[in-house]
Amino acid sequence: MSAAVASAYSASEQATRSFMDSVSSSATKSSSITSDAFDSRSLGQQIASSSHTDAYNRQFGEAFAKKHSDTGISADHFSALVSGSANAGAKFADDRLGAAISGQLQNDFKVGQDKADAIATDITQTVNNSQGYQAGLAKSLAMDAQSGTRNVASMGLQHQSLSSLQHSATDAISASESYQQTVSAQQRFGAQASFGAAETGLKLADDSQLMERLDHALDQYGLWGDAQRLASQWKAADWISDGHQAYAAAGMSLLTGFSSPSYRNLDSQQSRSAEMAGYQLLGDAFDAPTADANWDPGNNEGLKTQAPEIGAVQTMVEQAKLADPRHEAEAATQKAQGKISSTRGQMAAGEKAIAAHHEQNLSNLAQESHEGFTEMGQIKAEHFRSAIASAANNTPSAAEWSYNILGGSIYNTAKDIEAAGAAGSEVVKQFTGSFQEARTNGEDFWGALKFAASQSYPGFTEATKAWADQRVGEVANKLTPSQQAYYRAAMFEAFAGFAIGGDMNGGMGDAKQQLFAEEGETDGNNIAKLLRSAAGQNRNDLIEQVGNFNRARGLIKN
């Protein structure tokens, strides 16, 4: 059987190759992808839906468009590429055809080279090496020729060309169908002979009683001739060498429905009956479990006589003189409707009452919650007000502790400005260079900062402003705008928590007046003290205290 498959495949391959040569010869030059006149965009828009071949190529175009959707190429354009490749494929090697397709994709659709090469390989393998595509193309062209199609846009073929291609297309279709039938026969015979058929034939052939029952069943359903035919095929194919075993296996395959008869057609009832006989015979051959011998299907046979005769029940009902309940049923319907209406009214009233109580309860709950949260906020605000007052009047100076921290922070900010290439970076570079020079000479951060500021005051000013903006931005979610303004002014006009020129002068003075307007003089003074200490001593804990006070009063979000 393998030799037959190889022969059929060779014949199909030769027929399809001859057909594809004819296609390449008949198609117009403008439809070949290797031609300078080929334009996949315009050709994609001309493909007609009335042509079987155009529809067939469009199926492959849609498949490629879906597979390579990232390129944005439409199904019509892919259809044009496939059909143009089919026109040129028989005349050119795979590498030359692939290069032409890749060039079209790169030039017309701006696809990258790696992606274009992958798509070109995919299309080339389909058109030149897939007998499935070539056989389908032959069938489509034959259908167009038979139906009188005037033009196949995707292949550039006119009616005259279709007529000349019909003969080679028919040959390719016939060879492909012959190959498929041969493969199907090998699979069918191979599966039937290898999956239990040989064992079944051996078991039946060695038992004369089983063989007699098999002959009787085959005669009963008219399958004896088909059994002889199928046994001869299996023996000729060398699946089962013994004739008796092949006959037994073939007969069982026909009875159980694994093989179809050719000489006799069975209806559904006969097929079912033959299948039951076959499986019964198969079970007896391999000693399958059987029903308990004590089971008697006739045990309840007497129940048939106890069933009432037709009409007996009607007679008994008529003799009983039963009252007609229909009038009462009609009255019951009216009563039920009234009861339903009454119940609906009660339910509606109840639902309204429940809804009203629910809305009232929600309103009360919201009011009580608001009052409770307001009271809690006042309590928390009072607690944080006391904490701020205590911290403002008891916070010790830590100026000596903040010297080096301040110097290092401003230097790091200057380095960030220099790295970002911001405006004024030249003066910042002078400042950072002087700072590094002082550090090399043994100065600490504070001494290096003073030296660098004396060498480049503009650089020191720019870095200090950026440093201040950064620190204010870090606490913006904890302080109000006026508190932020005072905090920023304190970074320039106060040191170590003390206002050098007095906190009512300069920028600090303006910011403090705004604090008084918002907080009152007492709370404003306490908050100002904490913000000065936080600015000069790098005390984030003081900022957090002011933030808690603001959150308790609802001035900032949690």
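Higher on the page you've got the structure.
Now for a look at the structure at hand.

How each quantity is defined
- Residues numbered from 1 in each chain as written.
- Predicted model: local features only at pLDDT ≥ 70, side-chain atom pairs only at ≥ 80, totals over all residues.
- Heavy atoms only, no water.
- Helix = DSSP H or I, 4+ residues; strand = E, 2+ residues; numbered from the N terminus.
- Buried < 20%, exposed > 50% of the residue type's maximum accessible area, 1.4 Å probe, protein only.
- Contact = heavy atoms within 4.5 Å.
- Salt bridge = Lys/Arg side-chain N within 4 Å of Asp/Glu carboxyl O.
- Core = buried A, V, L, I, M, F, W, Y, C linked by side-chain atoms within 4.5 Å.
- Phe/Tyr/Trp six-rings, centres within 6.5 Å; stacked < 30°, edge-to-face > 60°.
- Lys NZ or Arg CZ within 6 Å of the ring centre and 35° of its normal.

1. Some thoughts on the side chain of aspartate 226
Structurally, the position occupied by aspartate 226 is in helix α10 (residues 224-236). Given the relative accessible area of 0%, aspartate 226 is considered buried. Once residues within four sequence positions are removed from consideration, aspartate 226 is found in contact with Leu254, Pro261, Ser262, Tyr263 and Arg264.

2. Quick notes on the pattern of salt bridges
Tallying each qualifying case throughout the model produces 12 salt bridges. Close ionic contact of glutamate 62 with arginine 58 constitutes a salt bridge, the shortest N to O distance being 3.2 Å. Here glutamate 62 and its partner arginine 58 are both found in helix α3 (residues 52-67), four residues apart, which amounts to about one turn of the helix. Residue glutamate 62 is classed as partly exposed on the basis of its relative accessible area, which comes to 39%. By relative accessible area, which is 30% here, arginine 58 ends up partly exposed. Here lysine 67 makes a salt bridge to aspartate 122, at a shortest N to O gap of 2.7 Å.

3. Concerning unusual backbone geometry
When glycine is set aside, most residues are seen to have a negative phi, and most peptide bonds are trans. Positive phi, normally seen in glycine, also occurs at lysine 110, with a value near 55°. Within the secondary structure, lysine 110 is located in the loop between α5 (94-109) and α6 (113-129). What makes lysine 110 exposed here is its relative accessible area of 68%.

4. Quick look at the environment of aspartate 54
Looking at where aspartate 54 falls in the secondary structure, it is placed in helix α3. For the pair aspartate 54 and serine 140, spaced 86 residues apart in sequence, the C-alpha separation works out to 8.6 Å.

5. What to know about the nonpolar core
By size, the foremost hydrophobic cluster in this structure holds 40 residues, and its most contacted members are Ile410, Phe431 and Tyr487. With six residues, helix α22 (residues 521-537) is the single largest residue contributor to this core. Ignoring any residue separated from it by four or fewer positions in sequence, one finds phenylalanine 431 in contact with Ile410, Ala414, Leu449, Ala452, Ala453, Ser456, Gly459, Phe460 and Ala463. Core analysis: the next-biggest nonpolar cluster, separate from the first, contains 25 residues, Leu223, Leu230, Ala231 and Leu281 among them.

6. A look at the packing of aromatic side chains
Overall, the coordinates contain six aromatic pairs when judged by the stated rule. On the basis of an interplanar angle of 40° and a centroid distance of 5.8 Å, the ring pair of tyrosine 457 and phenylalanine 460 is categorised as tilted. Of this pair, tyrosine 457 and phenylalanine 460 are both found in helix α19 (residues 457-474), three residues apart, which corresponds to roughly one turn of the helix. Take phenylalanine 460: its relative accessible area is 19%, and that puts it in the buried class. A cation sits over an aromatic face here: arginine 553 above phenylalanine 549, 3.8 Å from the ring centre.

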